[in-house]
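# Coordinate inspection notes
Residues per chain, in single letters:
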Amino acid sequence: MFTPVLRFTVHRPCPLLSVHPSRCLVDEKFEVLCQHLLPALQVTLHALLQTEDGDYWEAFGHYLSDAVGSVRVSEDASLGGSYSGVEPMGLLWSMRPVPGSKTGLRLRKKDVFKPTDVNISLYEGHLNEGFKDKHPLASVVAQRWYTAPEVQRVEVKEKGLKGTLFIPPGPGPFPAVLDLWGGGGGLVEYRSALLASRGYVSLSLQYIGLTGDDGKPCIVGNDYFEAAFSILKQHPQVCPDRVAMMGLSFGVSVTLGMAAYSSVIKPKCVVCVSGSHVMPVNGSLADVFDEIKKNVKNSRFDEEQRVIWRDLLLPIPDDSSKKVEMGRIKCPVLLIVGEDDQNWPTSESAEDMKQMMKQAGNSHLLTVLSYPETGHLIEPPYSPHIKASNFILHETRNKVVVLWGGHTVPHSRAQEDSWHKTLTFLEQHLYSNDRVASRSNL
């Protein structure tokens, strides 16, 4: 007698790739999860974004699915790729231009009211190239934002200034930060936008690369920064006694000089990233440039002809007239130092500032965060490490490639740690009483 044999086909669910949260600020972590894979399957997770200049950046990690066919990036180790080990945010901080890209690229956000779309794809096998020619098992898009919902952007042109003001959502008033970038010039907004998203009115101020009424380049005086500080302080959404300054590179010279000598600028605290105090006493930005020009012969080049400028201010002078008098500073100071900074002598400067403040009796105001194997460009968390990039010289308009320094993994750790400690520092000194808008309302 014939007995029929029943056969059942088991349909395995399609591979599932998810990212949570799929929309968040750039300084927040996300969780990447792969599910419904075969157990012990070799897979590659690939992240790709396109910049506003049309360039593509990528990162990728090699994984092995677990016994239930899952990969959780926050817990599982990458076995290779652009990063290795358990690295929850490796798909972002290890990004680099795709093969064949122009040299000397630097990833910087221009329009802060548009997200950066990160396309994350899952591929079978351990791949190192040819991603665009392969069909992914699954894909998902993660949106990374510099602006929280309802952050306002206001152009500032009063008193000859060129800047952008970012205002947090809510009734205010809020503490504020005057945000100064470095020698690259231009109006850089993304850090100010992120500060506003974290509860601070922030004024990003352009001060290098400006032109006068005659169209010729001009170097601003100290009154330019005093005007900016005053406008920020007098804004109706700002607590006038809760205004800080934050500088990067050249911005540190301005920040320290203003904090020490200005009768107008009295910051509640200052944050100094990758900078120095070497400048003539009570000097201006023009004085700093003049000092650097005197030592331009000290420029060096590495084996790839990338320029190293850290020697331009070395050795740190013993002559007190050539340095900011750190003993005059009356507010808390946070110094953020990359010990492999090839652009500025930040480690030597920090040590000298520490000794100056110790001798002056105000060292209790100083906090130093010093990071080994970290370069000059210390950006918000999870930004790609830029070891070298193109740089336009303002006077000649010539392009050079500047070596900033750092090694990718420790530099990326430093970016994350220093940003969160910067926010803690600002909160400690600016959000300390009931006169300030509650952060719980943000």
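Parameters and conventions
- Residues numbered from 1 in each chain as written.
- Predicted model: local features only at pLDDT ≥ 70, side-chain atom pairs only at ≥ 80, totals over all residues.
- Heavy atoms only, no water.
- Phe/Tyr/Trp six-rings, centres within 6.5 Å; stacked < 30°, edge-to-face > 60°.
- Helix = DSSP H or I, 4+ residues; strand = E, 2+ residues; numbered from the N terminus.
- Buried < 20%, exposed > 50% of the residue type's maximum accessible area, 1.4 Å probe, protein only.
- Axes fitted to C-alpha atoms, helices over the stretch in contact; angles between N-to-C directions.
- Parallel < 35°, antiparallel > 145°, perpendicular 65-115°, else oblique.
- Left-handed = near helix turned anticlockwise from the far one by under 90°.
- Contact = heavy atoms within 4.5 Å.
- Nonpolar A, V, L, I, M, F, W, Y, C, P; charged D, E, K, R; others polar.

Turning our eyes to something else, we now look at the packing of aromatic side chains. Enumeration according to the criterion identifies 12 aromatic pairs in this entry. Considering the side-chain rings of Tyr-146 and Tyr-190, the 5.3 Å spacing of their centres and the 55° angle between planes classify their relative orientation as tilted. You can see Tyr-146 sitting in the loop between strand S9 (138–145) and strand S10 (152–156) and its partner Tyr-190 sitting in helix H2 (residues 190–197), a full 44 residues away along the chain. Judged by relative accessible area, Tyr-146 falls into the buried class, the value being 10%. Ring plane angle 65° and centroid distance 6.2 Å describe the contact between Phe-391 and Trp-404, whose orientation is recorded as edge-to-face. Here Phe-391 is found in strand S20 (residues 388–392), whereas its partner Trp-404 is found in the loop between strand S21 (399–403) and helix H7 (408–430), with 13 residues between them in sequence. Residue Trp-404 is classed as buried on the basis of its relative accessible area of 4%.

Another aspect to go through is the packing of helix H4 (residues 250–261) against helix H5 (residues 285–294). Relative orientation of the contacting elements H4 and H5 amounts to 130°, with a least axis distance of 10 Å. If you check the angle between H4 and H5, you find them oblique. When you trace H4 past H5, the crossing you get is right-handed. Counting all contacts with H4, which are made through Phe-250, Ser-253 and Val-254, the residues of H5 involved are Leu-285, Val-288, Phe-289 and Ile-292. When its residues are assigned to classes, the contact of H4 with H5 shows six nonpolar, one polar and no charged.

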